[in-house]
Amino acid sequence: MARAFLREPLIHFVVAGLILFGLNQLFFEQPSKVGAGTIVVDQAAMVQFIQHRQNRSPEDALAQWQRLSQSAQSKVVKDFVEEEALYRKAKTFGLDEADYVIRRRMVQKMDFAAAGLTETEFTPSASAMTDYYKAHQAQFSTPAQITFTHVYYESQASEQTTTLELAAENLKQLNAAKVSFSEGGQYGQRFAYHRNYVDRAEPLIVDHFGADFAARVFQLSATQDVWQGPVPSRHGIHLVLIAAVTPERVLAFSEVKTKVVMALRLAEQDKRRVAFMDALLAEYSVAIEPGLGVVP
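Definitions and limits used
Residues numbered from 1 in each chain as written. Predicted model: local features only at pLDDT ≥ 70, side-chain atom pairs only at ≥ 80, totals over all residues. Heavy atoms only, no water. Helix = DSSP H or I, 4+ residues; strand = E, 2+ residues; numbered from the N terminus. Buried < 20%, exposed > 50% of the residue type's maximum accessible area, 1.4 Å probe, protein only. Contact = heavy atoms within 4.5 Å. Areas by Shrake-Rupley, 256 points an atom, 1.4 Å probe, with all protein chains shown as cover. Pairing = 2+ DSSP bridges. Axes fitted to C-alpha atoms, helices over the stretch in contact; angles between N-to-C directions. Parallel < 35°, antiparallel > 145°, perpendicular 65-115°, else oblique. Left-handed = near helix turned anticlockwise from the far one by under 90°. Nonpolar A, V, L, I, M, F, W, Y, C, P; charged D, E, K, R; others polar. Polar contact = N/O pair within 3.5 Å; in protein donor to acceptor, adjacent residues only side chain to side chain. Core = buried A, V, L, I, M, F, W, Y, C linked by side-chain atoms within 4.5 Å. Salt bridge = Lys/Arg side-chain N within 4 Å of Asp/Glu carboxyl O.

> Run through the overall build of the protein, naming residues and quoting values.
When helices and strands are counted, the protein shows eleven helices and eight strands. A buried classification covers 31% of the 296 residues belonging to the protein. Taking all contacts inside the protein whose residues are at least 6 apart in sequence as the whole, residues at least 24 apart take part in 67%. With an accessible surface of roughly 18800 Å², the protein has 56% of that area assigned to carbon and sulfur atoms.

So this is what it looks like as structure tokens:
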């Protein structure tokens with residue numbers, strides 16, 4: 001009966017499998033020399049990191065990694081090392097799950113915990129608030145604003161001289177007729193954006209007319225009954241009637257106290273997060289694949 005058992009094909013298959021497994025372990029599988037305190041950085045890890053972060057295929061992730069400059073690759077390595085360290089720390093709290101979505105949530109929770117503050121934990125002093133306000137006044141200011149209307153003349157580069165002459169002649173007519181703010185729309189040509197601009201900040205004027213036009217009109221004085229120009233823009237030539245120009249104003253501390261407290265809290269959060277990450281990363285060594293050409 002024992003001989004019959006040994007002649008079973010299934011037994012031969014199992015024995016052969018065990019022999020092959022043993023040979024593989026003996027000759028091919030080398031015990032890992034990387035300890036739990038080491039974060040291994042190699043191309044495969046970077047490709048997988050990009051793949052999961054950006055929802056790309058492995059091929060696309062590899063191609064993107066290879067296209068990156070050395071400094072950009074170093075930034076990816078830094079992000080990977082920080083994420084891996086946060087993930088490992090989160091695992092020590094018992095949230096061990098291989099799913100990448102869960103991994104990201106764990107990392108985000110740890111990152112939030114590292115920088116988290118409550119009002120009772122951080123209340124800036126009066127001197128800290130006034131010092132921050134004085135040092136960052138540009139952060140607490142309202143931009144310059146302008147109210148104007150304009151008469152537009154389309155102009156090609158080859159026709160600019162002729163158009164300027166036409167606009168200069170029409171400027172005399174507008175002022176002689178004392179054309180008001182509301183009457184300006186009866187003159188000139190149709191403009192791609194607006195005819196009237198009321199209490200508009202410089203970025204919008206730059207967006208609609210170009211930086212040179214914006215710089216010029218903000219330098220002109222408000223003369224509610226006098227047309228000025230011609231003023232070139234990237235679209236053509238304009239005559240402008242400026243009703244008001246409000247200069248940039250730094251808001252009073254009493255107006256922005258809440259924003260100052262929030263800015264100081266965010267700065268403290270960043271400070272705590274950096275300190276936490278420095279301490280956390282000190283628990284690990286980083287082993288970068290030779291030839292990868294990047295630094296963490």
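> How would you sum up the sheet that holds strand β4 (residues 196–201)? Please name residues and give values.
If you walk across this open sheet you meet the four strands as β4-β3-β6-β5, and the pairing is antiparallel. Since the sheet does not close on itself, it has two edges, and those belong to β4 and β5 (228–232), each with one partner. Across the sheet, the mean angle from the axis of one strand to that of its neighbour is 40°, orientation sign disregarded. Strand direction decides the pairing type here: strand β3 (residues 145–154) and β4, joined by four bridges, are antiparallel. Within β4, the residue paired with F148 across the bridge is Y197. On the sheet, helix α10 (residues 211–219) packs against β3, β4, β5 and β6 (236–246) and is oriented at approximately 165° with respect to β5.

> Go over the packing of helix α3 (residues 43–54) against helix α4 (residues 58–67), please, and point to the residues and values.
Where α3 contacts α4, the axes come no closer than 8 Å and their chain directions differ by 115°. Between α3 and α4, the crossing angle belongs to the class labelled roughly perpendicular. The hand of the α3/α4 crossing is right-handed. Residues Q43, M46, V47, I50, Q51 and Q54 of α3 form the contact with α4, whose own contacting residues are P58, A61, L62, Q64, W65 and Q66. Taken together, the residues of the contact of α3 with α4 break down into seven nonpolar, five polar and no charged.

> Explain the packing of helix α9 (residues 202–209) against α10 residue by residue, including any values.
For the pair α9 and α10, interaxial distance at closest approach is 7 Å and the crossing angle is 135°. By the angle between their axes, α9 is oblique relative to α10. Here α9 runs over α10; the crossing is right-handed. Taking contact as the criterion, the partners of E202, I205, V206 and F209 in α9 are, on α10, A211, F213, A214, A215, V217 and F218. Its residues placed into classes, the contact of α9 with α10 shows nine nonpolar, no polar and one charged.

> Provide a residue-level description of the side chain of S141, including the pertinent values.
Summarising the element assignment, S141 is placed in strand β2 (residues 141–142). A distance of 3.1 Å separates the side chain of S141 from the side chain of E248, its partner in a polar contact. Apart from residues lying up to four places away in sequence, S141 is in contact with E248, R249, V250 and L251.

> Tell me what's going on with the nonpolar core, and back it up with residues and numbers.
V41, M46, W65, V77 and F80 are the most contacted members of the largest nonpolar core, which has 26 residues in total. The set of elements that each furnish at least two residues to this core consists of β1 (38–41), α3, α4, α5 (70–91), α6 (100–115) and α11 (253–281). Residue contributions to this core peak at eight residues, all from α5. A144, I205, F213 and V240 belong to the second largest nonpolar core, which has 16 residues in total.

> Report on the pattern of salt bridges, specifying residues and quantitative values.
Per the counting criterion, the structure on display carries eight salt bridges. Here D79 and K75 are joined by a salt bridge, their closest N and O atoms 2.8 Å apart. Residue D79 and its partner K75 are located together in helix α5, separated by four residues, close to a single helical turn. The shortest N-O distance in the salt bridge between R273 and E82 comes to 3.6 Å. Of the two residues, R273 sits in helix α11 while E82 sits in helix α5, which places them 191 residues apart along the sequence. Each member of the salt-bridge network shares a partner with another, and the members are K78, E82 and R273.

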